Amino acid sequence: MPARLLEAHELITRCDAATLELDGVAPAEGAAVGRIVGQDRARAAVEFGVATRHPGFHLFVMGPPGSGKRSLARHVIEAHALQGGVHRSDWVYVNNFAHPHQPIALELPVGRGSKLRNDMRELVTDLRTLIAAVFESDEYAAQAERINNEFKERAEHALAEVAQEAGKRGLAMIRTPVGFTFAPQKEGEVMSPEAFQALPEAQRSELQKAVSDVQDQLLRVLRAQMRTRKEHVDRLRALDRSTTLLAVEHAVDEVKSRYADLPRVCEYLDAVRADVVENASDFRAHDDEDSSGSHSSERAELARYEVNLMLDAAASPEVPIIEADLPSYQNLVGRIDHIARLGMLLTDFRLIKGGLLHRANGGYLLIDVVKLLQQPFAWPALKRALLKREIRIESLAEMYSLVSTVQLEPEPIPLQVKVVLFGERWLCALVQALDPEFDELFRVVADLGDDMPREPTTQRDLARILANQLRAKELLPASVTALARLIDHGVRLAGDATRITAQVRRLEDVLLEAEHVARSRGQVSVEAADVAAAIAAQRERAARINERLRDAVLRDILMIDTVGARVGQVNGLSVYEVGSEIFGMASRISATSRLGDGQVIDVQRETHLGGPLHAKGVLILSSFLAARYSRLQPHSIVASLVFEQTYGLVEGDSASLGELVALLSSIADVPVKQCFAVTGSVNQFGDVQAIGGVNEKVEGFFDICAARGLDGTHGVLIPQANVAHLMLRDDVVDAVASGRFAIHAVRNVDEALEAMTGLPAGDPGLPSSDTVNGRIARRLHEYSKIRRGEPRGARRRAQVLVRQVVKGGDES
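Here we summarise the structure given alongside this text. Here the residue numbering is sequential within each chain, running from 1 through the sequence in written order. Totals for whole chains, interfaces and linings use all residues, but because this is a predicted model, local features are given only for residues with pLDDT of at least 70 and pairs of side-chain atoms are given and counted only at 80 or more. By convention in this description, side-chain values take in all heavy atoms of the structure and omit both hydrogens and water.

**Let's talk about the overall build of the protein**
Note on conventions: DSSP H or I runs of at least 4 residues are helices, E runs of at least 2 residues are strands, and numbering of each starts at the N terminus. What the protein contains, in helices and strands, is 28 helices and 31 strands. In this setup the radius of gyration rests on C-alpha atoms only. A globule is expected at 2.2 Å times the number of residues raised to 0.38. Since a compact globule built from 812 residues should have a radius of gyration of about 28 Å, the 48 Å found for the protein marks it as more spread out than a globular shape. Dimensions of the protein, computed from the C-alpha atoms along their principal axes, are close to 170 × 75 × 45 Å. Taking contacts inside the protein between residues at least 6 apart in sequence as the whole, the part at least 24 apart equals 76%. Residue exposure ignores everything except the shown protein chains as possible cover, and the areas themselves are Shrake-Rupley values with a 1.4 Å probe. Total accessible area on the protein is roughly 39400 Å²; 52% of this is exposed by carbon and sulfur atoms. When charges are counted, Lys and Arg are positive and Asp and Glu negative, with His and the chain ends excluded. One atom stands in for each charge, and that atom is NZ of Lys, CZ of Arg, CG of Asp or CD of Glu. Considering the protein, the positive charge centre built from 96 side chains and the negative charge centre built from 112 side chains are found 7 Å apart. Note on contacts: a residue pair is in contact if any heavy atoms of the two residues lie within 4.5 Å.

This is the structure in structure tokens:
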């Protein structure tokens, strides 16, 4: 069958503006669902992942950029949050009086964390007043004086006994600034040294012995007084405790009564009471106290009674949906700050700061996986928190032994959160392959498609969403024709006339630029022409390389023929990307052939300028060539294939049809029309298979032909399977409609040969000079004879045949 010439209506499938039905659409209707049109499978996965509360069923939402991953997750989460059932609590850190380096985490019902903080501040203020007052009371002063007098009398009575004993033995006890001393006396007067020396030896010895005995007695008394002094201090301390307890007990019990339903808070308040009783002096007024009336909790010695409110759930009554803009280690799990004082870095429980996990506790945490993996230690920290189901704040410096100072070890807080990661598919596959714990934690994967079916309901919903984006931003409204033109562009981006791209963000960008164009023109609405201008402007901004390549072709720097015919030369088509734009370009493919041992040389592969897919395509066409023409004889040919004037990597098999046509043309010595370009891959049976980028390839060759002048002979051959993918530009469609350009759809290599050579394909099993396949069969048969070694006559005829081939003569 000959190649099918496509009609103009087959080159583009436009959206009917009348089917969009945008009248009466409220602005909030489209905004509520976000960019989630046509993603039913992904939506069901997200709904399941959000609804289940089992551990390990966290979400990974993957899909191409701009497909609405985050909008879909937020919409489902917000809808599920309205149903309630999520447990939230306030969390505070308080001082651990027994082990200050291990602060205690307390859980309180919503709103009671800040209440506990305020109650503790009021308690400390009240205690300062009460304790100062009770210690200044007459009752306390009387009891303290009684204890002091009692011990003073006991001390004086013991010293009096020593003095009395000294008097009996003729000694006087003298009090000096450095203590007590004894001296001989006579008639109540201390003897002078001369008088003492004048005494008899026996009397002096007796007095010296008396001094020694009395000093021993005094030493025993003083030692007893040390024990008595300790007893005195203990009695005073007991008095202080009982006095403080009298002031504290009622105040603390009053606070405890408000938290009787929270045992851990009551335990903490009991510890507070015991610590206040032991450190009552910290609450007494100081002479150097600030006269400005500052809160007592601001004093350093009373700061240990403060409450560090880590999570105030009452501040946001809704279920928390936290988006992590910078998911670093400290931002995720929290940190412990330090303050510089007297050249040292100090910290305490008040400097513990919560992280994103604390804020999201009881709710949802949304994280971009790229940002997460870019932050050192963040991914292991998140995994550890999810696996242990607790938030443990640790210092990285201590964890990796960078410092040896004593660090705080806050009690971990239980974690109940649903984590949703966003990323492209390759990131999900990468983490899944490299981290065995990934599947244990993120058991629900929602996959957003690159495109969606082009159905009337999908087009209508998409148009409503795009229109509502303009309404939400208070911009010019879009007409239905403009939205229909934008949907056509979405189909073009999908590369399939039966699908629409799921990257709605790209369509929104075009619509916003079209709105700017319409506003600059003084219009009251966005029209189809404005959308077309925005699309053209986006493409023009990325077209620098395309213009340079096309200019090189038009100046014959890059050799692309669009007229005439030549043996072994075909115009192939390729695509390349610049940012988000795709451009098509023609490339010359040439082939040569000669007698040999059945080898097809791929110059791109031999020079390492060809990728594996391109090498696969060449191997396939080599297999097709041998199987079709040399099934019963040696395949006696050596051929070479090359992409001319290419200096980078050639990848893909979409040029294998063009390479095969060039190779067959060389073997058959049949010229190929240069007014045609061809694209398509082939299998081992010669069937033409679909390729990608068909629209850009057709337009790339069309632009070259149009620049040189269309004469009605130019055209492109594409696979029949790609007809359903055509969404060509209006100028290409108009040229085809007027007969100035042609697009042919082919199913197999024989249809391509007939269209590009003008000769019938023929039967490959019948050597003949009237068909392309016949010429190839005849040529390969002659090569096989030469290689096998035929009789002289036959060999001479073969040599003549070879000379004719070399001279480019006709076989006939």
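**Re the layout of surface pockets**
Using protein atoms alone on a 1 Å grid, points that fit a 1.4 Å probe yet trap it form a cavity, whereas open point sets bounded by protein on both sides within 12 Å along at least five of seven lines form a pocket; residues with an atom within 4 Å of a point count as lining. Grid points are joined across faces, edges and corners, and a volume is the space filled by probe spheres set on the points. The computed volume of the largest pocket comes to approximately 890 Å³. Around the largest pocket, the lining is made up of 40 residues, and of these His 489, Arg 492, Leu 493, Arg 539 and Glu 696 lie nearest the centre. Sorting the residues of the lining of the largest pocket by element identifies helix H17 (480–494), helix H19 (528–541), strand E23 (581–594), helix H24 (694–708) and helix H25 (730–737) as the ones contributing at least two each. In this classification, Asp, Glu, Lys and Arg are treated as charged, Ala, Val, Leu, Ile, Met, Phe, Trp, Tyr, Cys and Pro as nonpolar, and every other residue, Gly included, as polar. Taken together, the residues that form the lining of the largest pocket break down as 12 nonpolar, 11 polar and 17 charged. Computed from the structure, the second largest pocket encloses a volume of approximately 630 Å³. If you go around the second largest pocket, you meet 28 residues; those closest to its centre are Ser 574, Ser 587, Phe 643, Thr 646 and Val 650. Among the secondary structure elements, those contributing two or more residues to the lining of the second largest pocket are strand E22 (569–578) and E23.

**Structural notes on the packing of helix H4 (residues 112–135) against helix H8 (residues 263–278)**
Where H4 contacts H8, the two axes come as close as 13 Å, and the packing angle between them is 25°. In terms of orientation, H4 lies roughly parallel with respect to H8. Every pair of crossing elements has a handedness; the one defined by H4 and H8 is right-handed. Between H4 and H8, the residues in contact are Leu 116, Met 120, Leu 127 and Ile 131 and Val 265, Tyr 268, Leu 269, Val 272 and Val 276, respectively. Looking at side-chain class alone, the contact of H4 with H8 contains 9 nonpolar, no polar and no charged residues. A fitted line through C-alpha atoms represents every axis, and for helices the fit uses only the stretch in contact; the resulting angles, taken between N-to-C directions, go from 0 to 180 degrees. The scheme is simple: roughly parallel for angles under 35 degrees, roughly antiparallel for over 145, roughly perpendicular for 65 to 115, oblique for anything else. Crossings are sorted by hand: turned counterclockwise from the far helix by less than a right angle, the near helix makes the crossing left-handed, and turned clockwise it makes it right-handed.

**Some points on the packing of aromatic side chains**
Only centres within 6.5 Å qualify two rings of Phe, Tyr or Trp (six-membered ring in Trp) as a pair; their planes then separate them into stacked at under 30 degrees, edge-to-face at over 60, and tilted for everything else. In this structure the tally under the stated criterion is 9 aromatic pairs. Aromatic side chains Phe 97 and Tyr 305 sit 5.8 Å apart centroid to centroid with 40° between the ring planes, which places their arrangement in the tilted category. With a gap of 208 residues between them, Phe 97 in the loop between strand E3 (90–94) and strand E4 (104–108) and Tyr 305 in the loop between H8 and strand E8 (308–311) connect regions that are remote in the sequence. The same class applies to Phe 97 as to Tyr 305, namely buried. Consider the rings of Tyr 576 and Phe 583, whose centres lie 5.9 Å apart with planes at 25°: the pair is stacked. Comparing Tyr 576 with Phe 583 shows no difference in burial state: the two are buried. Taken together, the ring pairs in this structure connect Phe 60, Trp 379, Phe 438 and Phe 442 into an aromatic cluster. The classification of residues rests on relative accessible area computed with a 1.4 Å probe and restricted to protein chains. Under 20% of the type maximum is buried, over 50% is exposed, and intermediate values are partly exposed.

**Some words on the sheet that holds E8**
One requirement defines pairing of two strands: DSSP has to find at least two bridges between them. The sheet built from 3 strands is open, its strands ordered E4-E3-E8 with antiparallel pairing. Because the sheet does not close on itself, it has two edges, and the strands there are E4 and E8. Recorded for the sheet is a direction-independent mean angle of 30° between the axes of neighbouring strands. Both E3 and E4 contribute to a ladder of 5 bridges, which runs antiparallel. Each bridged residue has a counterpart across the sheet, and for Val 92 the counterpart in E4 is Leu 106. Those strands touched by H4 are E3, E4 and E8, and its axis lies near 30° from that of E3. Along the sheet, H8 makes contact with E3 and E4, crossing E4 at roughly 135°.

**Some words on the sheet that holds strand E18 (residues 444–447)**
One open sheet accounts for 5 strands, arranged E9-E14-E17-E2-E18; its pairing is parallel. The open sheet is flanked by strand E9 (321–324) and E18, the only strands paired with a single partner. Strand after strand, the sheet turns through a mean of 20° between neighbouring axes, direction not considered. As defined by bridge partners, E9 adjoins strand E14 (residues 364–368) across 4 bridges and the pair is classed as parallel. When the bridges of E14 are listed, Glu 323 appears paired with Leu 366.

**Thoughts on the packing of H4 against helix H7 (residues 201–258)**
Across the interface, H4 lies against H7 with an axial gap of 10 Å and an inter-helix angle of 155°. By the angle between their directions, the pair H4 and H7 is classed as roughly antiparallel. In the packing of H4 onto H7, the handedness of the crossing is right-handed. Between H4 and H7, the residues in contact are Arg 112, Lys 115, Asp 119, Leu 123, Leu 127, Leu 130, Ile 131, Val 134 and Phe 135 and Asp 240, Thr 243, Thr 244, Ala 247, Val 248, Ala 251, Val 252, Val 255 and Arg 258, respectively. For the contact of H4 with H7, the per-class residue count stands at 11 nonpolar, 2 polar and 5 charged.

**A closer look at the nonpolar core**
We define the nonpolar core as a collection of buried residues of types Ala, Val, Leu, Ile, Met, Phe, Trp, Tyr and Cys that are connected through side-chain atoms lying within 4.5 Å of one another. Formed by 67 residues in total, the largest nonpolar core has its most connected members in Val 526, Val 698, Ile 718, Phe 741 and Ile 743. For Val 698, the residues in contact, after removing those within four places along its chain, are Val 716, Ile 718, Leu 728, Val 732, Phe 741 and Ile 743. Within the second largest apolar cluster, 42 residues are counted, among which are Ala 591, Val 650, Val 746 and Val 772.

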